Amino acid sequence: MNDPEKAAVAAFAELFGPPPEAPAPPVDWDAVEEWLGLRLPADYKAVATAYGPLDIGERLWLHTPFADDALLFDYGRFVDHGRRAHPGLVAFGATRMSDTLYWDTTASDDPDRWPVVVHVQNLANAGKEPWFRPGTTLLPTLERFVSDGLRPDITRSRLAGDRAYAWTPPPRRPEPTPERHAAFAGGSGLETLTALVPPPAEPLLGEQSWEWLYERLGTRLPTEFVALMETYGAGEFCEWLRFGLPLGTGHYDLAPSVEWYGAAYRDLRADHPQYQPLAVWPEPGGFLNFADTIDGDELCWLTEGDDPDAWPLIVIPRHAEQGPPLTGTLVETLLAWLRGHLVQEGFPRLVRRGQDPVEALEFLEFHSYGANAGRTAR
């Protein structure tokens, strides 16, 4: 650590005390900055290396690059989301009021001179000017926050969990190739889906077998689903639709999820049958859930008949009344949603009418839970 870095850590320690006893997760700053395409401020890197991710005064999260098995936070998505919403800004922190702290990278070619800007969510919700601009870099801004009432106590961020480890930058986003443009414009089937949203090189399935899964569930599953999972594995489409490990045994994996969600639905149905009108597998024609959204909607099959390949899909929405079954197959439904054609509670429109395909394709991606070793939860 050079003298400026030591000075930054000393200044931070004067405000907030020494680092937590547990060592900070290691950071490969070269890899992080290569992924960003930018150098980061030296004071931030020095503090992040010494302290790791922090909760400051129970109000402010200072985010640093780390990964952990609990999946409570993903550094890459946090930064990427901010850069999409606000080009020229790089996020590094957030508050419990959903405010986000950024550096303004347009203000200087020298990252050590980047000023902090804060997007205040309550002001944005009220239709007011949402930006607070202290005009200072990281450490002077934190010092000002303390003088304004932020408690100067720190703990290792709860988002890091107990087993935080080094963060690995995700693969680069797929380029808007002619093949992706063609798949966005038309076509059907799994081959078109993989052209539109490239799958991971090694799909994450779990440690068990399909026969184990069928025995535990008491039924075979549609061949289209098996092919989809053997192509993509566990992960998320567009940071929204989540598939757990199909052959895993963890709480969020497919078989355990079917069991606990079915039991929870039955309990609610007993008290409020008007809001939970569906039968539950293995009841005749009962739903069998296999994916969910980050908002808690469930994507299911209705197990009608002896042929799983003929089962219709249905969405159990979290924030709306139960609707009818869908009309398309799983891959057809995914393609309709990714192209902006699906009108369905629980599945937001990803593509605006008339949106430039190049812009739309930037957001169509699959994030594998196998990107970091040990990921087994959604």
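Below is a short write-up of the structure.

Let us now look at the overall build of the protein chain. Counting its secondary structure elements, the protein chain contains 13 helices and 13 strands. With respect to the three principal axes, the spread of C-alpha positions in the protein chain is 70 × 45 × 40 Å. Counted over contacts in the protein chain with a minimum sequence separation of 6, partners at least 24 positions apart contribute 61%. Carbon and sulfur atoms make up 51% of the accessible area of the protein chain, which amounts to about 18,300 Å² in all. Looking at the protein chain, you have 31 positive and 56 negative side-chain charges, and the mean spots of the two groups are 5 Å apart.

Taken as a whole, helix α4 (residues 75-85) has its buried residues at Tyr 75, Gly 76, Arg 77, Phe 78, Val 79, Asp 80 and Gly 82. Considering only its buried residues, α4 is in contact with α2 (29-36), α3 (42-51), β3 (89-95), β4 (100-104), β8 (235-237) and β13 (366-368).

The strand order across the open sheet formed by seven strands is β6-β5-β4-β3-β2-β1-β7, and the pairing between neighbours is antiparallel. Two strands lie at the open edges of the sheet, namely β6 (131-132) and β7 (154-156), each paired on one side alone. Relative to β6, strand β5 (residues 116-119) runs antiparallel, the two being bridged by two bridges. Looking at the pairing, His 119 lines up with Trp 131 of β6.

Now for the sheet that holds strand β10 (residues 287-293). Taken together, the six strands give an open sheet; going across it, the order is β12-β11-β10-β9-β8-β13, and neighbouring strands pair in antiparallel fashion. For this open sheet the edge positions go to β12 (313-316) and β13, each flanked by a neighbour on one side alone. Strand-to-strand, the axes of this sheet are offset by a mean angle of 30°, without reference to chain direction. Of the pairings in the sheet, the one linking strand β11 (residues 298-302) to β12 comprises four bridges and is antiparallel in character. Looking at the pairing, Leu 299 lines up with Val 315 of β12. Sheet contacts for helix α10 (residues 223-232): β8, β9 (241-243), β10, β11 and β13; angle to β9, the most-contacted strand, approximately 90°.

Our next topic: the environment of Phe 12. With respect to the helices, strands and loops of the structure, Phe 12 is situated in helix α1 (residues 3-16). Aside from chain neighbours lying at most four places away, what touches Phe 12 is Gly 17, Val 47, Tyr 51, Leu 54, Ile 56, Leu 139 and Leu 142.

What follows deals with unusual backbone geometry. The amide bond that connects Trp 281 to the next residue, Pro 282, takes the cis arrangement and shows omega of 10°. Positioned with a positive phi, Cys 238 is a non-glycine residue whose angle comes to about 55°. Within the fold, Cys 238 resides in the loop between β8 and β9. Note on Cys 238: relative accessible area 12%, which makes it buried. Within the chain, Glu 239 stands out as a residue other than glycine whose phi angle is a positive 55°.

Right, let's get into the packing of α1 against α3. In contact at an axis separation of 8 Å, α1 and α3 are set at 65° when each is read in the N-to-C sense. Overall, the two elements α1 and α3 adopt an arrangement that is roughly perpendicular. In the packing of α1 onto α3, the handedness of the crossing is right-handed. Along the contact surface, α1 presents Glu 5, Ala 8, Val 9, Phe 12 and Ala 13, while α3 presents Asp 43, Ala 46, Val 47, Ala 50 and Tyr 51.

Before going further, it helps to spend a moment on helix α12 (residues 330-338). Every α-helix winds through 3.6 residues per turn, so residues three or four apart in the chain are directed the same way. Of all nine residues in α12, seven are buried, a share of seventy percent or more. Three or more residues of α12 are buried, namely Leu 330, Val 331, Thr 333, Leu 334, Leu 335, Trp 337 and Leu 338. At the C-terminal side of α12, Gly 340 shows a positive phi close to 85°.

What the rule picks out here adds up to 11 salt bridges. Residue Arg 216 is joined to Glu 259 by a salt bridge in which the shortest nitrogen-to-oxygen separation is 2.8 Å. With Arg 216 in helix α9 (residues 210-217) and Glu 259 in helix α11 (residues 254-271), this residue pair connects regions lying 43 residues apart in the sequence. Exposure remark for Glu 259: the relative accessible area of 37% places this residue in the partly exposed category. Shared partners join several salt bridges into a network, and the residues in it are Glu 58, Arg 151 and Asp 153.

Within this structure, the stated rule accounts for 27 aromatic pairs. For the pair Tyr 261 and Phe 287, a centre-to-centre distance of 5.9 Å together with 65° between the ring planes defines the contact as edge-to-face. Taken together, the positions of Tyr 261 in helix α11 and Phe 287 in strand β10 put the pair 26 residues apart, joining distant regions of the chain. Of the two residues, Tyr 261 and Phe 287, both sit in the buried class. Summarising the aromatic geometry, the rings of Phe 290 and Trp 301 are spaced 4.0 Å apart at their centres and angled 20° between planes, so their arrangement reads as stacked.

Glancing now at the pairing of β3. Of all seven residues that make up β3, seven are buried, and the element is covered over most of its length. Across three bridges, the pairing between strand β2 (residues 60-62) and β3 is antiparallel. Residue Leu 60 lies in a different strand from β3, and its bridge partner there is Thr 95. With five bridges joining them, β3 and β4 adopt antiparallel strand pairing. The residue bridging Ala 94 from the neighbouring strand is Thr 100, located in β4.

Rules used in this analysis
- Residues numbered from 1 in each chain as written.
- Predicted model: local features only at pLDDT ≥ 70, side-chain atom pairs only at ≥ 80, totals over all residues.
- Heavy atoms only, no water.
- Helix = DSSP H or I, 4+ residues; strand = E, 2+ residues; numbered from the N terminus.
- Contact = heavy atoms within 4.5 Å.
- Areas by Shrake-Rupley, 256 points an atom, 1.4 Å probe, with all protein chains shown as cover.
- Lys, Arg positive; Asp, Glu negative; His and termini not counted.
- Charge placed at Lys NZ, Arg CZ, Asp CG, Glu CD.
- Buried < 20%, exposed > 50% of the residue type's maximum accessible area, 1.4 Å probe, protein only.
- Pairing = 2+ DSSP bridges.
- Axes fitted to C-alpha atoms, helices over the stretch in contact; angles between N-to-C directions.
- Parallel < 35°, antiparallel > 145°, perpendicular 65-115°, else oblique.
- Left-handed = near helix turned anticlockwise from the far one by under 90°.
- Salt bridge = Lys/Arg side-chain N within 4 Å of Asp/Glu carboxyl O.
- Phe/Tyr/Trp six-rings, centres within 6.5 Å; stacked < 30°, edge-to-face > 60°.

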